[in-house]
Amino acid sequence: MDCGSGGGGVGASGSGGDHDSSALSRRKKPYHRHTAHQIQRLESMFKECPHPDEKQRLQLSRELGLAPRQIKFWFQNRRTQMKVAQHERADNSALRAENDKIRCENIAIREALKNVICPSCGGPPVTEDSYFDDQKMRMENAQLKEELDRVSSIAAKYIGRPISQLPPVQPVHISSLDFRMASFDGYGVGAGPSLDLDLLPGSSSSMPNLPFQPVVISDMDKSLMSDIAANAMEELLRLLQTNEPLWIKSTNDGKDVLNLESYERIFPKPNNTHFRSPNIRVEASRDSGVVIMNGLALVDMFMDSNKWVELFPTIVSIAKTIEVISPGMLGTHSGSLQLMYEELQVLSPLVPTREFFTLRYCQQIEQGLWAIVNVSYDLPQFASQCRSHRLPSGCLIQDMPNGYSKVTWLEHVEIEDKTPIHRLYRDLVHSGSAFGAERWLTTLQRMCERFACLMVSSTSTRDLGGVIPSPDGKRSMMKLAQRMVNNFCTSVGTSNSHRSTTLSGSNEVGVRVTVHKSSDPGQPNGVVLSAATTFWLPVSPQNVFNFFRDERTRPQWDVLSNGNAVQEVAHIANGSHHGNCISVLRAFNTSHNNMLILQESCIDSSGSLVVYCPVDLPAINVAMSGEDPSYIPLLPSGFTITPDGRLEQGDGASTSSSTGHGRSSGGSLITVAFQILVSSLPSAKLNLDSVTTVNNLIGTTVQQIKAALNCPSS
């Protein structure tokens, strides 16, 4: 009997009888791959009737242009696939039940052991677990002592005397507020009522727990994934390489706008409830530009989930490869197919993240030309978690001379707005700018410039007295600043892996507070509180960015400087725009002369960041000397600035064929975020006074910013 090609299709011709094996080897059946429309229509029919009769199969045959025999085998294969999945689920359930039983028995045995009395001394017995716990503590103490000796020797090298001879470090008094929390060393929290906030076990810079368990993917699933990815690639290439009638130019801003009528006519979708839901909103955008990185390097970063997060820290909060369906060709990634999970973010507590289970497929079209497509693949067991559906999206990467590449980017998603977008971000999100192609491309251009600066052998620094003596020192400082920015983006985002509480506070929006236990080498150990809020100002994003970067205006808002003058003592350019740089700042007339401020600022057309963190002088000296900065503890704070997306007239939305007229109102959405080490004891309870203090700190900062920019307080 002729067999289908998994869930995706069957051979175009069948075999009615026995054939000679040599004849079969000479004449192979042509392979037929169903279109996405055919697969979706068949899946829809399968849900209604898994065993269609001959009349129904003939009707499907005429509707989809397939032979009745193909329809018959597709349903046979699909029923087989369902049976296999049911068996697998039954086996998994049995294994889980057995595992739960063993766990319960283990707990009962441990509880019984707690009540055992030693016959010799009358005390609790020395169990095997307690012995190994003691040994583990001894080993950890030895490792910590070794690490302390190493850090002390490095610090002594740059401060000129043993670290034991230094005076004890005092808490940093940040402002006139009763701020009873140290920014670096845990000085504990004052007495007061504890706040009932769950502490997250992980730290902000580590990979949070993903919202699903490992999945088992059958061979039939992989065949279906391959078909979906291949069809998505065909659609992507057509959308990227075609203009009218698929794309028209907006009369408002000249951007490409997808003509939905033409799209639905060229790429018809099945009439099911997913596409008829009144809550579904479509966002589509396309943009192109030149980046300073060769094509193969870009492909390598795009196909690695860890590098993907590193490349887009302001957009991608989480990315993980669930399964490599096909590894592709070594060296080019052509043919590589992966099932990935990712969360995309806007750096504000007001915008929820978007979750996707995505098939990412790479294909080398010709020498020096690659295409990478992303398309949603909804796993049934996680369908309720995803309110976003990514239609074929991705990019075309073409090598250019001198290590540059031309990148054409497409974003095309369907969003189910089950809850209204906050009014401050409604225009920005509904216009498609918040998650659109322009934001991806401008971020890519800026980050590639940063990587290029990181690799340049010259120091490219401006400092007083040559405090960054070598290219190694420059690279070490840039890596430290990059880790600071990544940490900040994680603390501001609204990832589903972070539990949070919203308090009334600085404005009508409120302050969102999250708490987690920190244990990473580059983080202070203990309980860390993160707080963030967003507000609007009738000031252009460029002017707000310049205000935060200006050393002369910093005392007007920065509580770390305590109203004192600030001087830049080192400057590292990391992009073509003068605002893309890393600075080391020193505040004058303070009692803490050994404390400096590390700051990175970056800007592109989609928005800007100013992130800063106090770092003590010995740590800065270690980084500037080219030593590994990964152990230097960082708790960054800062600001994000984005255009408000509002138009004075017309809608200007680029999510349909409408080309409304209007121009930007020029306002800014500003998110301010602080991170505080509440206690150096991981088991400490969060003190309500600490939350009140950081709430007041944010409120005071917002009011100072509004006053400095001559904006009314509200």
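All figures in this text were calculated on a predicted structure; none of them were measured in a lab.

Colleague: Please explain the overall build of the protein as it appears in this structure.
Modeller: Assigned secondary structure in the protein consists of 16 helices and 22 strands. Every one of the 714 residues in the protein was classed for burial, and the buried ones make up 48%. Accessible area for the protein stands at about 34,100 Å²; split by element, carbon and sulfur atoms hold 52% of it.

Colleague: For this particular structure, what's the right way to read the packing of aromatic side chains?
Modeller: One pair of aromatic rings is described through two measures. These are the centre distance and the angle between the planes. For the structure shown, the criterion picks out 19 aromatic pairs. On the numbers, 5.8 Å between centres and 75 degrees between planes, the contact of F302 with W409 is edge-to-face. In this pair, F302 sits in helix α9 (residues 295-302) while W409 sits in strand β12 (residues 405-416), placing the two residues 107 residues apart along the sequence. With a relative accessible area of 2%, W409 lands in the buried category.

Colleague: So what exactly am I meant to see when it comes to α9 here?
Modeller: At 3.6 residues per turn, the α-helix brings residues three or four places apart onto the same side. Listed in full, the buried residues belonging to α9 are G295, L298, V299, M301 and F302. Mapping the buried residues of α9 onto a view down its axis gives an arc of 165 degrees, with all of them on the same face. One side-chain oxygen at the N-terminal end of α9 lies 3.2 Å from the backbone nitrogen of L296; it belongs to N294.

Colleague: It is not clear to me how unusual backbone geometry should be interpreted in this structure. Could you clarify?
Modeller: Residues apart from glycine generally show negative phi values, whereas peptide bonds are mostly found in trans. Omega for the peptide link from E244 to P245 comes to 5 degrees, which places this bond in the cis form. Relative to the helices and strands, P245 resides in the loop between α6 (219-241) and β3 (247-249). Residues other than glycine seldom take positive phi values, yet H333 does so here, at roughly 65 degrees. What makes H333 partly exposed here is its relative accessible area of 21%. Unusually for a residue other than glycine, N710 sits at a positive phi of about 55 degrees.

Colleague: Can you help me understand the nonpolar core in this one?
Modeller: Generally speaking, soluble globular proteins have nonpolar side chains that are buried together. In this structure, L298, F302, F312, V407, W409, Y425 and L444 are the most contacted members of the largest nonpolar core, which totals 42 residues. Among the elements that line this core, the one with the most residues is helix α12 (residues 437-455), at 7 residues.

Colleague: It is not clear to me how the side chain of S583 should be interpreted in this structure. Could you clarify?
Modeller: Mapped onto the elements, S583 comes out in strand β18 (residues 581-587). With relative accessibility at 4%, the residue S583 sits in the buried group. In terms of polar contacts, S583 uses its side chain to reach the side chain of E568, at 2.6 Å. In this view, S583 contacts E568, A570, H571, I597, L598 and Q599; residues no more than four positions away in its chain are not counted.

Colleague: What should I look at first to understand the packing of α12 against helix α13 (residues 471-492) in this one?
Modeller: Closest axis-to-axis distance for the α12/α13 pair is 9 Å, and the angle between their directions is 150 degrees. As the angle between them shows, α12 and α13 are arranged roughly antiparallel. On α13, the residues touching M447, R450, F451, C453, L454 and M455 of α12 are K474, R475, M478, A481 and Q482.

Colleague: Explain the pattern of salt bridges to me, please; I cannot follow it from the model alone.
Modeller: Pairing between side chains of opposite charge can happen when their charged atoms approach one another. Enumeration over the complete set of coordinates arrives at 16 salt bridges. When the shortest N-O distance is used, the salt bridge between D256 and R286 registers 3.1 Å. Linking D256 in strand β4 (residues 256-258) with R286 in strand β5 (residues 280-291), this pair joins segments that are 30 residues apart in sequence. Within the structure, one salt-bridge network assembled from shared partners comprises K249, D256 and R286.

Colleague: What's the story with the confidence of the model for the protein in this structure? I'm lost.
Modeller: The predicted coordinates of low-pLDDT regions are not to be read in fine detail. On average, residues of the protein score 77 in pLDDT, and 71% of them are at 70 or above. Segment residues 165-208 is flagged for pLDDT under 50; beyond a separation of four residues in sequence, or across chains, it makes 109 contacts in the model. Note that residues 649-663 has pLDDT below 50 and, in this model, 44 contacts with residues that lie over four places away or in other chains.

Colleague: Explain the pairing of strand β21 (residues 637-643) to me, please; I cannot follow it from the model alone.
Modeller: Successive side chains on a regular strand alternate, one facing one side of the sheet and the next facing the other. Counting buried positions along β21 gives 6 out of 7 residues, so the element sits mostly inside the fold. Taken together, the 6 bridges between β21 and strand β22 (residues 668-679) define a ladder with antiparallel strand orientation. Looking at the pairing, P643 lines up with S668 of β22.

Colleague: Explain the packing of helix α2 (residues 36-48) against helix α3 (residues 54-64) to me, please; I cannot follow it from the model alone.
Modeller: Between two packed helices, what matters for the description is the angle formed by their axes and the separation of those axes. Between α2 and α3, whose axes approach to 11 Å, the crossing angle comes to 160 degrees. What the angle tells us is that α2 and α3 run roughly antiparallel. In this structure, α2 meets α3 at a crossing whose hand is right-handed. Contacts from H37, Q38, R41, L42 and M45 of α2 reach α3 at Q56, L60, E63 and L64. Looking at the contact of α2 with α3 residue by residue, the classes come out as 4 nonpolar, 3 polar and 2 charged.

Colleague: I would appreciate a short explanation of the environment of G473 in the present structure.
Modeller: For G473, the location among the structural elements is in helix α13. For the pair formed by G473 and G626, sequence separation is 153 residues and the distance between their alpha carbons is 3.9 Å. The contact partners of G473, leaving out residues within four places of it in the chain, are I468, A623, M624, S625 and G626.

Colleague: What is the right way to read the pairing of strand β8 (residues 354-366) from this model?
Modeller: Where strand β7 (residues 337-344) lies against β8, 8 bridges are found, and the strand directions are antiparallel. Across the sheet, L337 pairs through a bridge with Y361, a residue of β8. What sits between β8 and strand β9 (residues 369-376) in their antiparallel hairpin is a turn of 2 residues, with G368 showing a positive phi close to 80 degrees.

Cut-offs used in this document
Residues numbered from 1 in each chain as written. Predicted model: local features only at pLDDT ≥ 70, side-chain atom pairs only at ≥ 80, totals over all residues. Heavy atoms only, no water. Helix = DSSP H or I, 4+ residues; strand = E, 2+ residues; numbered from the N terminus. Buried < 20%, exposed > 50% of the residue type's maximum accessible area, 1.4 Å probe, protein only. Areas by Shrake-Rupley, 256 points an atom, 1.4 Å probe, with all protein chains shown as cover. Phe/Tyr/Trp six-rings, centres within 6.5 Å; stacked < 30°, edge-to-face > 60°. Arc of directions from axis to C-beta. Polar contact = N/O pair within 3.5 Å; in protein donor to acceptor, adjacent residues only side chain to side chain. Core = buried A, V, L, I, M, F, W, Y, C linked by side-chain atoms within 4.5 Å. Contact = heavy atoms within 4.5 Å. Axes fitted to C-alpha atoms, helices over the stretch in contact; angles between N-to-C directions. Parallel < 35°, antiparallel > 145°, perpendicular 65-115°, else oblique. Salt bridge = Lys/Arg side-chain N within 4 Å of Asp/Glu carboxyl O. pLDDT = per-residue confidence, 0-100. Pairing = 2+ DSSP bridges. Left-handed = near helix turned anticlockwise from the far one by under 90°. Nonpolar A, V, L, I, M, F, W, Y, C, P; charged D, E, K, R; others polar.

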